[in-house]
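# Notes for the structure review
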Amino acid sequence: MNKAEEMKIEIKARKQATDKMTAIVFAEIQKHLKKCHNKMSITIQTGPSGRHRYFTLKRYTDKIKINIFNDGNVNVTLGEMVYGDIEIPLIRYENVSNIDSAIAEMKYYLSLFFKTFFEDSMHELLSFLSSCNTETEWKACVDSYKEYIKSVK
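In short, a report on the structure.

Cut-off values and rules
Residue numbers here run from 1 along each chain, matching the order of that chain's written sequence. Where totals are concerned, whole chains, interfaces and linings use all residues; where local detail is concerned, this predicted model gives features only for residues with pLDDT of at least 70, and gives and counts side-chain atom pairs only at 80 or more. Hydrogen atoms and water are omitted, and side-chain values are computed over all heavy atoms in the structure. A run of DSSP states H or I qualifies as a helix once it reaches four residues; a run of E qualifies as a strand once it reaches two. Both are numbered from the N-terminal end. Note on contacts: a residue pair qualifies if any of its non-hydrogen atoms lie within 4.5 Å across the two residues. Definition of nonpolar core: a set of buried residues of the types Ala, Val, Leu, Ile, Met, Phe, Trp, Tyr and Cys, connected through side-chain atoms within 4.5 Å. Here's how the labels work: a residue is buried when its accessible area is under 20% of the maximum for its type, exposed when over 50%, partly exposed in between, all with a 1.4 Å probe on protein chains only. Helix axes are fitted only over the stretch in contact, all axes being lines through C-alpha atoms; the angle between N-to-C directions runs from 0 to 180 degrees. Convention used here: angles under 35 degrees read as roughly parallel, angles over 145 as roughly antiparallel, angles from 65 to 115 as roughly perpendicular, and any remaining angle as oblique. A crossing counts as left-handed when the near helix is turned anticlockwise from the far one by less than a right angle, and as right-handed when that turn is clockwise. In the scheme used here, Gly and all other residues not listed as nonpolar or charged are polar, with Ala, Val, Leu, Ile, Met, Phe, Trp, Tyr, Cys and Pro taken as nonpolar and Asp, Glu, Lys and Arg as charged. Strands are treated as partners if at least two bridges between them are detected by DSSP. Grid points spaced at 1 Å and placed over the protein atoms alone form the basis of the search, with a cavity being a set where a 1.4 Å probe fits but cannot get out and a pocket an open set showing protein on both sides within 12 Å along at least five of seven lines. Lining residues have an atom within 4 Å of a point. Grid points are joined across faces, edges and corners, and a volume is the space filled by probe spheres set on the points.

## Section: the environment of D62
Tracing the backbone shows D62 in strand β3 (residues 62–68). Apart from the residues lying within four places of it in its own chain, the contact partners of D62 are L57, G79, E80, F117 and M122.

## Regarding the nonpolar core
Core analysis: the largest hydrophobic core is formed by 38 residues, its most contacted members being I64, I66, L78, M106, L110, F113 and L129. Mapped by element, the contributors of at least two residues to this core are α1 (3–32), β2 (53–59), β3, β4 (74–80), β5 (84–91), α2 (99–119), α3 (122–129) and α4 (138–152). Of all the elements, α2 adds the most residues to this core, at 10 residues. Dropping the residues within four chain positions of it, I66 is found in contact with V25, R53, Y54, F55, V74, N75, V76, L110 and F114.

## Some words on the packing of α3 against α4
Following both chains from N to C, one finds α3 and α4 inclined at 135°, their axes separated by 8 Å at the closest point. As far as their axial angle goes, α4 and α3 are oblique. Remark: the crossing between α3 and α4 carries right-handed chirality. Taken together, the residues of α4 that come into contact with α3 (itself represented by E124, L125, F128 and L129) are W138, C141, V142, S144, Y145, Y148 and I149. Here the contact of α3 with α4 is composed, by residue class, of 9 nonpolar, 1 polar and 1 charged.

## Some remarks on the sheet that holds strand β1 (residues 40–46)
With antiparallel pairing, 5 strands are arranged side by side in an open sheet as β1-β2-β3-β4-β5. At either margin of the open sheet sits one strand with a lone partner, and together these are β1 and β5. Ignoring strand direction, the axes of neighbouring strands in this sheet form an average angle of 10°. Two strands pair when backbone bridges link them, and β1 and β2 are joined in this way by 7 bridges, in the antiparallel orientation. Bridge assignment links S41 to a residue of β2, and that residue is K58. Contacting β1, β2, β3, β4 and β5, α1 crosses the sheet at an angle of about 20° to β2. Along the sheet face, α3 touches β3, β4 and β5 and points at about 115° away from the line of β4.

## With respect to unusual backbone geometry
Phi is positive for Y60, which is not a glycine, with a value near 55°. Residue position: Y60 is located in the loop between β2 and β3.

## Focus: the layout of surface pockets
For the largest pocket, the calculated volume is near 190 Å³. If you trace the largest pocket, you find it lined by P89, L90, I91, R92, N95, V96, A102, E105, E135, W138 and K139. Only β5, α2 and α4 provide two or more residues apiece to the lining of the largest pocket. With 3 residues, the top contributor of residues to the lining of the largest pocket is β5.

Laid out in structure tokens, this is it:
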């Protein structure tokens, strides 16, 4: 197989992955819509030529922003009034060995973030995330948050 054929296969695989990621975000939004409160804003945008996908959910000062880029990377920005915006590198496509497991992990974390946004407190989640290096330690901080939620309920 020559270099051009390999590149075509890689581009197709990346497009399929970003389509799956986008479908997950739509499914999570739809799943939580019944729990919408007043003053909810949901914005869906695309980048130039429809390449990137940007989802933003806002309620008062709470925010979730999910950016799915054409290169397969996914960033999530969580925000609220006290801690401001905290960006999390949810998927770094070039570092993923198994994209299906990365997408399953993305679904797990997005489900947690959406549940927190719609049902719990973004302030509590961000208090855990603000104390760590979100580039490398965010999963451990989210695990600590989950343990805290279990102990409170």
